[in-house]
Amino acid sequence: YLDCSQGRPQTTTLLLLTFIAACCPIEEVCASIVRSHRETSQYRVEELQALRWKLFSREEIHAYQSKSMDEMWQHCALRLTDAVQYVVEFAKRIPGFRQLCQNDQIVLLKNGSMEVVLVRMTRAFNTENSTVFFDGKFAGTELFKALACSDLIAAVFDFAHSLCALRLTEQQVALFSALVLINSDRPCLEERGRVERVKKEVELALSHTLHRDNQEGLMNKLYQKVAILKSLCSLHIEKLRWFRQLYPLTVHSLFPPLYKELFA
Ligand code: CLR
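Each value, and the rule that gives it
- Residues numbered from 1 in each chain as written.
- Predicted model: local features only at pLDDT ≥ 70, side-chain atom pairs only at ≥ 80, totals over all residues.
- Heavy atoms only, no water.
- Near = heavy atom within 4 Å.
- Polar contact = N/O pair within 3.5 Å; in protein donor to acceptor, adjacent residues only side chain to side chain.
- Areas by Shrake-Rupley, 256 points an atom, 1.4 Å probe, with all protein chains shown as cover.
- Helix = DSSP H or I, 4+ residues; strand = E, 2+ residues; numbered from the N terminus.
- Nonpolar A, V, L, I, M, F, W, Y, C, P; charged D, E, K, R; others polar.
- Pairing = 2+ DSSP bridges.
- Core = buried A, V, L, I, M, F, W, Y, C linked by side-chain atoms within 4.5 Å.
- Buried < 20%, exposed > 50% of the residue type's maximum accessible area, 1.4 Å probe, protein only.
- Contact = heavy atoms within 4.5 Å.
- Salt bridge = Lys/Arg side-chain N within 4 Å of Asp/Glu carboxyl O.
- Patch = residues over 30% accessible without salt bridge, like charges linked within 9 Å, V, L, I, M, F, W, Y side chains within 5 Å.
- Expected span 1.5 Å × (residues − 1).
- Arc of directions from axis to C-beta.
- Axes fitted to C-alpha atoms, helices over the stretch in contact; angles between N-to-C directions.
- Parallel < 35°, antiparallel > 145°, perpendicular 65-115°, else oblique.
- Left-handed = near helix turned anticlockwise from the far one by under 90°.

Would you explain the site of the ligand in this entry?
Neighbouring the ligand are 18 residues, the closest being Gln 42, Trp 73, Val 117, Phe 133 and Ile 153. Between Gln 42 and the ligand, the recorded distance is 3.0 Å, taken from a side-chain N or O atom to an oxygen atom. Against a free-state accessible area of 610 Å², the protein chains account for coverage of 97% of the ligand. When residues of the shell around the ligand are traced back to their parent elements, those giving at least two are helix H5 (69–92), helix H6 (102–121), strand E2 (131–134) and helix H7 (150–164). In terms of residues, the shell around the ligand owes the most to one element, H5, which gives four residues. By residue class, the composition of the shell around the ligand is 15 nonpolar, one polar and two charged.

Quick look at the structure:
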């Protein structure tokens, strides 16, 4: 049945291949992570592609720039928290995540949810004009001026550029996101060995996908990105500490509880 020498595989062969795929545990892990990503991705890629030339007008940009610093921080914290909520849902659907102890689930989310938001940002980024989908339209770095952390914003946009350059498929984005989240090197894990085992599965799923796509070379490039993600997230935490010193009450009473729980 597997003889395809006539050029086109027979129907039976295709059925058999589907059957093999369904029984192969690693294929199942891949499919499950890709499905979880799709179901929790907040916006579909096609949706974002269709909107990619919908830019803010000069007046609208000016309105954002004229907000007070704490008002703009509060606004961005809200948008980030929305995005993080979807990532939490994604995490819960990664095979093996829910079986980890609660402490370790929280440790992984505290350290990784922002990183995954930044990975997901590449789907919402237009490299042709360096803009990102924010509040319903595409915004450049200048729109975030009132935050007074242009170094962080510039670094985040640079990262989006460099990750977009790898031209990942949705499946690759899904598996890379899972790998970023299930990181057994995070401090304060109680059952590091169990996290390590889940991580190995995800890693296998990603390399399996890259092999199938004939893009094994991407693995190293993706590992380089992990290091940049880590530095971006420390910079985010650092900026938040600085902001909290200036506006302790804004953070205390007006920031979303989830944002505070994860980052403050
Ligand atoms: C990421 C992909 C999500 C949708 C989404 C929502 C909020 C966006 C985020 C994306 C990218 C990063 C973003 C964020 C809002 C504010 C933040 C633009 C597109 C910038 C980098 C400002 C961070 C400011 C902190 C200092 C509070 O599916």
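So what exactly am I meant to see when it comes to the sheet that holds strand E1 (residues 125–126) here?
Hydrogen bonds between backbone atoms are what pair the strands of a sheet, whose relative direction is either parallel or antiparallel. Here three strands make up an open sheet; going across it, the order is E1-E2-E3 and the pairing antiparallel. Pairing within the sheet leaves two strands with one partner each, and these edge strands are E1 and strand E3 (137–139).

So what exactly am I meant to see when it comes to the nonpolar core here?
The nonpolar side chains of soluble globular proteins are, as a tendency, buried together. Formed by 81 residues in total, the largest nonpolar core has its most connected members in Ile 33, Met 72, Trp 73, Ile 94, Leu 118, Leu 143 and Phe 144. Here the element with the most residues in this core is H5; it accounts for 12 residues. Residues in contact with Phe 144, not counting those within four places in the same chain, are Met 72, Cys 76, Val 132, Phe 134, Ala 139, Ile 153 and Phe 157.

Please explain the pattern of salt bridges as it appears in this structure.
Side-chain pairs of opposite charge can arise whenever the charged atoms involved come near each other. Applying the stated criterion across every chain yields a total of 15 salt bridges. Put simply, Glu 39, Glu 89, Lys 92 and Arg 93 are held in one network by salt bridges that share partners.

Looking at this model, I keep getting lost on a nonpolar patch on the surface. Mind explaining?
There is a patch of nonpolar side chains on the surface, built from Trp 242, Leu 246 and Tyr 247 and spanning about 270 Å² of accessible area. As for its position among the elements, Trp 242 is in helix H10 (residues 218–246). Residue Trp 242 is classed as partly exposed on the basis of its relative accessible area, which comes to 34%.

Explain the environment of Asp 82 to me, please; I cannot follow it from the model alone.
Note on placement: Asp 82 falls in helix H5. For Asp 82, a relative accessible area of 28% corresponds to the partly exposed category. Each C-alpha atom, one on Asp 82 and one on Gln 42, is 8.9 Å from the other, the two residues being 40 residues apart in sequence.

In this structure, what is going on with the side chain of Thr 131? I would like to understand it.
Assignment of secondary structure puts Thr 131 in strand E2. Residue Thr 131 is classed as buried on the basis of its relative accessible area of 7%.

How should H7 be read in this particular structure?
For an α-helix, the turn length of 3.6 residues means that residues three or four places apart are oriented alike. With 15 residues, H7 extends 21 Å between its outermost C-alpha atoms, agreeing within 8% with the 21 Å of an ideal straight helix rising 1.5 Å per residue. Of all the residues in H7, the buried ones are Leu 152, Ile 153, Val 156, Phe 157, Phe 159, Ala 160, Leu 163 and Cys 164. On an axial view of H7, the arc spanned by its buried residues comes to 155 degrees, and they lie on one face. Across from the buried face of H7, at angles greater than 90 degrees, the exposed residues are Ser 150 and Asp 158. Packing partners of the buried residues in H7 comprise H6, E1, E2, E3, helix H8 (170–181) and H10.

Which parts of the structure should I look at to understand the packing of H6 against H7?
Between two packed helices, both the angle of their axes relative to each other and the distance between the axes serve to describe the pair. Relative to each other, H6 and H7 sit at 60 degrees, their axes nearing to 9 Å. When the axis of H6 is compared with that of H7, the two are oblique. Here H6 runs over H7; the crossing is right-handed. Residues Leu 118, Val 119 and Met 121 of H6 form the contact with H7, whose participating residues are Val 156, Phe 157, Phe 159, Ala 160 and Leu 163. A per-class count over the contact of H6 with H7 returns eight nonpolar, no polar and no charged.

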